[in-house]
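Descriptive structure summary
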2 protein chains.
Amino acid sequence: MKKITCKGFKAAGVAAGLKKHGGKDLGLIFSEVPATVAGVFTKNLIQAAPVVLDRERIASGLCQAVVVNSGNANCCTGEQGLAAAKATAACTAAELGIAEDHVLISSTGVIGQPLPVEKIEAAVPDLVQSLHPDGFNDLAEAIMTTDTFPKVLRIEETVEGKTFTIVGVAKGAGMIRPDMATMLCFVCSDIQADHRLLGKMLRIATDRSFNRITIDGDTSTNDTILLMANGSSGLSIDSDEHTKVFQQALDTLLIDLAKLVVKDGEGATKLVEVVVRGARTKEDADRMASTIANSNLVKTAFFGEDANWGRILGAAGRSGVPVIPDKIDVYFDDVMMVKNGVGCGIEAESKATQVLKKAEFTLTVDLNMGTAAHGIFTCDFSVDYVKINADYRS
Amino acid sequence: MKKITCKGFKAAGVAAGLKKHGGKDLGLIFSEVPATVAGVFTKNLIQAAPVVLDRERIASGLCQAVVVNSGNANCCTGEQGLAAAKATAACTAAELGIAEDHVLISSTGVIGQPLPVEKIEAAVPDLVQSLHPDGFNDLAEAIMTTDTFPKVLRIEETVEGKTFTIVGVAKGAGMIRPDMATMLCFVCSDIQADHRLLGKMLRIATDRSFNRITIDGDTSTNDTILLMANGSSGLSIDSDEHTKVFQQALDTLLIDLAKLVVKDGEGATKLVEVVVRGARTKEDADRMASTIANSNLVKTAFFGEDANWGRILGAAGRSGVPVIPDKIDVYFDDVMMVKNGVGCGIEAESKATQVLKKAEFTLTVDLNMGTAAHGIFTCDFSVDYVKINADYRS
């Protein structure tokens, strides 16, 4: 595995016995100095205990550690759940010798079952012992649920001769859609930045990445993205140029992580970008692209490698976006399948079928009504999605 | 098979060679006298040629025949498609010896392929020959696509000593959601009624039936419900009492047909009514019930017979309806699973699992915030749904 490090940060992942079938299920990020922090959380009105706690604590703008468990979402667990979240943070803080309110927490897994906090407390000493500058891969493994591979990326950029690093760790893999999902993402940078500026940049990057992906249209109660900046590089974001370069690097990292999440969508075999262009407004393009990207009929056709453009137009037509049906063009990559609302015939279809056999391709719907465009990343919808989700708790 | 008749109506279904794997694929309804007629059509902005044609013709309020094909939706087929729809109606009218604009048409099947109108024209003489008072079962068979059984129901009611009959024929089975679906439904009654009154009653009955079902959240380009009344019973709707009795009979018939459509949803093994009660408004209850009823995660859990109430609360929380999380109760039939937002424990869960093993049950979410309620019928989401839809055109 590649070495993934970010100055002044350590990470770890251990097995605490929370996952039914064993494996790493407890992770930790630790910054040697208190870092500034910003977060983006689920818009679901039912929110897990760790989300409730993090929202409170993040107001200070400071954080030194994040402890994460998989195997249990600690959601719909009432007062007991909030107490369990606090206990998790408290014992981690004690072991690390840092302030309790500088510890944030996240959970992912089954909703509605009590968090076995005693198992976490028993594992925390080992977790802290395991902290390592190169521990991000272990962390990535510890936060996986139905993910089939860990998701860690690192980006290094230079601005005015100085170098900074960003490391991101994410997990999917169901319940993903724009406005987020049980999608956890932890981003560490050795740059220095005000927490309000971090928040602004994180929201922009999230809109350009995780808010442009969908797997099954469901949104989780636990979605969390955290961005920490500890200043260990000696570089500070204090000019427009710095802001621009950092934003670009953050965007790139989060977009690449988001694409990994879709690629690893439950049962997914294909990564598809659905682009709507020629729209009157970006909102129209977004709405239609999302409707198409979430259509079960479109997604099962992707799985069947069937260039069933009728389903695409069907989804476009029900999206609520005004359309002129006989102006619509549809492309699979560069192959034009539909011109002015009518199919381009058997030859185009057989070329499009070749595109559909690829692991990654772009579906473009051109409304020819304006100049706005928007793209959403989605995956196909396979037999395995159903199998995974019918059996998830058993 | 039960004899299904309605005074003054005949029906038929024959094989015209439109379906790839053979079988009946062309159906006809004929009224001995011109009937009044009303229709409800898809809200999808991409509309098939027959829908475009019917919308025009139905304005007259009169109709004497409906010709329906499966195997081809005649949608996104441009000018040629509209010409094919007109040709279908014209040759049927000629064969029946009736006015061309008294013929309505419907199509269902694959979108975007030219309708082989010559096959239809060749089959129409046989179709007309086959007309029979007891032909509704053949018609029901001819309009099936992925349906696994024909859907025909008959209801007879007496008002002030006089009897009237309503016969309904429907097909599902994918692309079903509130606001309709490639859902075709043809309803014949021997009552006499003004076409504007018919339209009003049909819209009410549709809201109470087909607009309360969902299979996969997709909405088709071809949805059509037609209601014809030919007066052959000698009974006329000319009092509030008549209107009330007819409305009740129509509601019952359409609700029962709609439930058959969900039961026969693609790959479905269970019929579930999702009820949201204790809501502030009916709109809130409808919105949340629809979100839950369309959640892939909830529906795959139904398939897995997994009382995964966390997913239900997850869907409730993302529906956009304001909630007080710690007031929510959840029931499977009479088994309380969640009280005040927290799970009721292992015993409740094992009782709920028994409910989930049933072929039909009710999921109730009580928000305890008001007195409004609404129910949506849905089905589970199985491995077979994906298989059916990945292979549909091949």
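Above this note sits the structure.
Residues numbered from 1 in each chain as written. Chains lettered and ligands numbered in written order. Predicted model: local features only at pLDDT ≥ 70, side-chain atom pairs only at ≥ 80, totals over all residues. Heavy atoms only, no water.

Some thoughts on the interface of chain B and chain A
Taken together, the contact between chain B and chain A spans 51 residues of the former and 52 residues of the latter. For the pair chain B and chain A, the interface holds zero salt bridges. At the junction of chain B with chain A, the criterion picks out seven residue pairs in polar contact (both at pLDDT 80 or more). For the side of chain B that touches chain A, the secondary-structure elements that each account for two or more residues are helix 8 (296–303), helix 9 (309–317), strand 12 (342–343) and helix 11 (383–390) of chain B. Among the elements that take part in the side of chain B that touches chain A, helix 9 of chain B stands out by supplying seven residues, more than any other. The residue makeup of the side of chain B that touches chain A, split by class, is 24 nonpolar, 19 polar and eight charged. (Contact = heavy atoms within 4.5 Å. Salt bridge = Lys/Arg side-chain N within 4 Å of Asp/Glu carboxyl O. Polar contact = N/O pair within 3.5 Å; in protein donor to acceptor, adjacent residues only side chain to side chain. Helix = DSSP H or I, 4+ residues; strand = E, 2+ residues; numbered from the N terminus. Nonpolar A, V, L, I, M, F, W, Y, C, P; charged D, E, K, R; others polar.)

Examining the relation of the copies chain B and chain A
At an RMSD of 0.1 Å, chain B and chain A line up after a rotation of 180° and a shift of 0.0 Å along the axis. As the rotation angle and translation indicate, the two copies are arranged about a two-fold axis. Residue B:V383, judged by its C-alpha, is the member of chain B lying nearest the rotation axis, at 2.6 Å. Taken together, the interface assignments show that 100% of the residues at the interface of chain B recur at the interface of chain A, consistent with an identical surface on both copies. (Least-squares fit on C-alpha atoms with pLDDT ≥ 70 in both.)

Focus on a negative patch on the surface
Taken together, A:E160, A:D238, A:D240 and A:E241 make up a surface patch of like negative charges. The residue A:E241 is located in helix 6 (residues 240–263) in this model. (Patch = residues over 30% accessible without salt bridge, like charges linked within 9 Å, V, L, I, M, F, W, Y side chains within 5 Å. Areas by Shrake-Rupley, 256 points an atom, 1.4 Å probe, with all protein chains shown as cover. Lys, Arg positive; Asp, Glu negative; His and termini not counted. Charge placed at Lys NZ, Arg CZ, Asp CG, Glu CD.)

Section: the packing of helix 8 (residues 296–303) of chain A against helix 11 of chain B
Between two packed helices, what matters for the description is the angle formed by their axes and the separation of those axes. Across the interface, helix 8 of chain A lies against helix 11 of chain B with an axial gap of 8 Å and an inter-helix angle of 70°. Considering the angle they form, helix 8 of chain A stands roughly perpendicular to helix 11 of chain B. Between helix 8 of chain A, through A:N296, A:L297, A:T300, A:A301 and A:F303, and helix 11 of chain B, the contact on the second element is made entirely by B:Y385, B:V386, B:N389 and B:A390. Tallied by class, residues from the contact of helix 8 of chain A with helix 11 of chain B come to six nonpolar, three polar and no charged. (Axes fitted to C-alpha atoms, helices over the stretch in contact; angles between N-to-C directions. Parallel < 35°, antiparallel > 145°, perpendicular 65-115°, else oblique.)

Examining the side chain of A:N69
Residue and element names in this part refer to chain A. Along the chain, N69 turns up in strand 3 (residues 62–70). By relative accessible area, which is 4% here, N69 ends up buried. At 2.7 Å, the side chain of N69 forms a polar contact with the side chain of S107. Apart from residues no more than four positions distant in its own chain, N69 is found in contact with L18, D25, L26, S106, S107, T108, L115 and I120. (Buried < 20%, exposed > 50% of the residue type's maximum accessible area, 1.4 Å probe, protein only.)

What to know about the sheet that holds strand 12 (residues 342–343) of chain A
Residues and elements named next belong to chain A. Strand order in the open sheet formed by six strands is 12-11-10-13-9-14, with mixed pairing between adjacent strands. Each of the sheet's edge strands pairs with one partner strand only, and the pair in question is strand 12 and strand 14 (372–379). Summarising the sheet, strand 10 (residues 329–332) and strand 11 (residues 335–339) pair through three bridges and their orientation is antiparallel. Counterpart to Y331 in the pairing with strand 11 is M336. This element, helix 10 (residues 346–356), spans strand 10, strand 11 and strand 13 (360–366) of the sheet and lies at about 130° to strand 11. (Pairing = 2+ DSSP bridges.)

Considering the sheet that holds strand 12 of chain B
All names here are of chain B. Overall, mixed pairing links the six strands, which are arranged 12-11-10-13-9-14 in an open sheet. In this open sheet, the two strands that pair with only one neighbour each are strand 12 and strand 14 (372–379). The pairing of strand 9 (residues 271–279) with strand 13 (residues 360–366) spans seven bridges and is parallel. From the neighbouring strand, V272 faces strand 13, where its bridge partner is F361. On top of the sheet, helix 9 reaches strand 10 (329–332), strand 11 (335–339), strand 12 and strand 13; it is set at about 60° to strand 11, its chief contact.

Remarks on the packing of helix 2 (residues 78–96) of chain B against helix 3 (residues 117–129) of chain B
Residues and elements named next belong to chain B. At a minimum axis distance of 10 Å, the contact between helix 2 and helix 3 shows a crossing angle of 25°. Judged on the interaxial angle alone, helix 3 and helix 2 are roughly parallel. Seen along the crossing, helix 2 lies across helix 3 with a hand that is right-handed. Counted together, A84, A87, T88, C91, T92, E95 and L96 of helix 2 and V117, I120, E121, V124, P125 and V128 of helix 3 form the full contact between these two elements. Of the residues assigned to the contact of helix 2 with helix 3, the class counts are nine nonpolar, two polar and two charged. (Left-handed = near helix turned anticlockwise from the far one by under 90°.)

Thoughts on the packing of aromatic side chains
Counted by the stated rule, this structure contains seven aromatic pairs over all chains. Taking the centre distance of 5.4 Å and the plane angle of 70° together, the rings of A:F381 and B:F381 count as edge-to-face. On the criterion of chain membership, the pair formed by A:F381 in the loop between strand 14 and helix 11 (383–390) and B:F381 in the loop between strand 14 and helix 11 is interchain, its members lying in two chains. Comparing A:F381 with B:F381, the two get one shared label, buried. Ring centres of B:F164 and B:F246 lie 5.5 Å apart, and the angle between their planes is 45°; this geometry places the pair in the tilted category. Placement of B:F164 in strand 6 (residues 162–171) and of B:F246 in helix 6 (residues 240–263) is noted, with a sequence separation of 82 residues between them. Both residues of the pair, B:F164 and B:F246, count as buried. (Phe/Tyr/Trp six-rings, centres within 6.5 Å; stacked < 30°, edge-to-face > 60°.)

So, helix 3 of chain B
All names here are of chain B. With 13 residues, helix 3 should cover 18 Å at 1.5 Å per step; its first-to-last C-alpha distance of 19 Å lies within 8% of that length. Among all positions of helix 3, only V117, I120, A123, V124, L127 and V128 are buried. Check the buried side of helix 3 and you find it contacts strand 1 (9–14), strand 2 (26–41), strand 3 (62–70) and helix 2. (Expected span 1.5 Å × (residues − 1).)

Focus: the pairing of strand 13 of chain A
All names here are of chain A. Summarising burial for strand 13: five of the seven residues are buried, a large majority. With four bridges connecting them, strand 10 and strand 13 associate as antiparallel partners. Bridge pairing in strand 13 places D329 opposite D366.

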